[in-house]
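If you want the building blocks of each chain, they are given just below.
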Amino acid sequence: MRPRAYVASGLALASVVLAGVALAGGGAGGVIRVTVGDLTFSPASITAKPGDTIEWVNGDFIDHTATDEAAHFDIVMAPGETQRVKLQEPGIITYICRYHPNMTGRIEVK
Ligand SMILES: [Cu+2]
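A short tour of the structure in this document, coming up. Sequence order sets the numbering: in each chain, residues are counted from 1 along the sequence as written. Residues qualify for local features only when their pLDDT is at least 70, as the model is predicted, and side-chain atom pairs are given and counted only at 80 or more; totals for whole chains, interfaces and linings, by contrast, use all residues.

Our next topic: the environment of Ile93. Helix and strand definitions here come from DSSP, where helices need a minimum of 4 consecutive H or I residues and strands a minimum of 2 consecutive E residues; each element is numbered from the N-terminal end. Inspection of the secondary structure assignment puts Ile93 in strand S11 (residues 91-96). Taking the C-alpha atoms as reference points, Ile93 and Val109, separated by 16 residues in sequence, lie 7.8 Å from one another. Contact between two residues is assigned when their C-beta atoms, built from the backbone, lie within 7 Å. Residues contacting Ile93, with those up to four places away along its chain left out, are Asp68, Arg106, Ile107 and Val109.

What follows is the structure, given as C-alpha cells:
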C-alpha cells in the first residue's frame, strides 16, 4: 500500500500525527466505531469498504494510539477523545497502540 491511502479527520487535531494522511471531512461511506479500553480495541478485527471511516473512541482513562504498522497513520487519543481515519483503498491494515504494543487491531478493506 502507498501513502495517502487514508484520509484522517480527527476531532482533536492537535494530537493527530499526519504521516502520509490527509485531513478531510465526511463523504460517502459508513462509520465503524472501535472502542478503546481495557488495553483492547473492540472489535479488534473489522471488515470495511473503501470510503468507510473508522472511528476510534478512547473510553479509557489513559492515552492510546492507533498506529498503522506500515506508517500510514499514527493517531493519538487522549482519554475521552475520538479520532477518525477514512479508508481509501482496498488492503489489510494491521495497527497497534504504540504505548501498549499488545493492543492490536486489524482492518480488512475490500
Ligand atoms: Cu494503548
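Okay, unusual backbone geometry next. With an omega of 0°, the peptide bond running from Ser42 to Pro43 counts as cis. Considering the arrangement of structural elements, one finds Pro43 in the loop between strand S5 (40-42) and strand S6 (45-48). Notably, Asp38 is not glycine yet its phi reads approximately 55°, a positive angle. Note on burial: count the other C-beta atoms lying within 10 Å of the residue's C-beta; 20 or more is buried, 12 or fewer is exposed, in between is partly exposed, and C-beta positions come from the backbone. Given 9 C-beta atoms within a 10 Å radius, Asp38 is considered exposed. For Leu39, which is not glycine, the phi dihedral falls at a positive 60°. In this structure, Leu39 sits in the loop between strand S4 (31-37) and S5.

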